[in-house]
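Structural overview for review
Here are the chains, one letter per residue:
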Amino acid sequence: MPDQSTRTVLERFPAGGPRGSWPADEYAATQRAQGINAQVGMDLGSDQFLVVTDTTTR
């Protein structure tokens, strides 16, 4: 049976940020510190880093 989990995009960041800047990773770390299971992924079609979670957010 296929995985029925859904993911929520918390934030999007352009991939062309300044060298040495990791805003998506920093944002995900802040979310994890608040108890949200946030992970960074890449949307190749839009050339953006996505911070996603499988946790329901409000």
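Residues numbered from 1 in each chain as written. Predicted model: local features only at pLDDT ≥ 70, side-chain atom pairs only at ≥ 80, totals over all residues. Heavy atoms only, no water.

1. A word on unusual backbone geometry
A positive phi angle, near 55 degrees, is found at aspartate 47, a position not held by glycine. One can find aspartate 47 in the loop between β2 (38-43) and β3 (48-53). (Helix = DSSP H or I, 4+ residues; strand = E, 2+ residues; numbered from the N terminus.)

2. A word on the sheet that holds β3
Sheet architecture is open: three strands sit in the order β1-β3-β2, paired in antiparallel fashion. Each of the sheet's edge strands pairs with one partner strand only, and the pair in question is β1 (8-14) and β2. Along the sheet, successive strands turn relative to each other by an average axial angle of 30 degrees, direction set aside. In terms of strand pairing, β2 meets β3 through six bridges, oriented antiparallel. Paired with aspartate 43 across the strands is glutamine 48, a residue of β3. On top of the sheet, helix α1 (residues 23-33) reaches β1, β2 and β3; it is set at about 155 degrees to β2, its chief contact. (Pairing = 2+ DSSP bridges. Axes fitted to C-alpha atoms, helices over the stretch in contact; angles between N-to-C directions. Contact = heavy atoms within 4.5 Å.)

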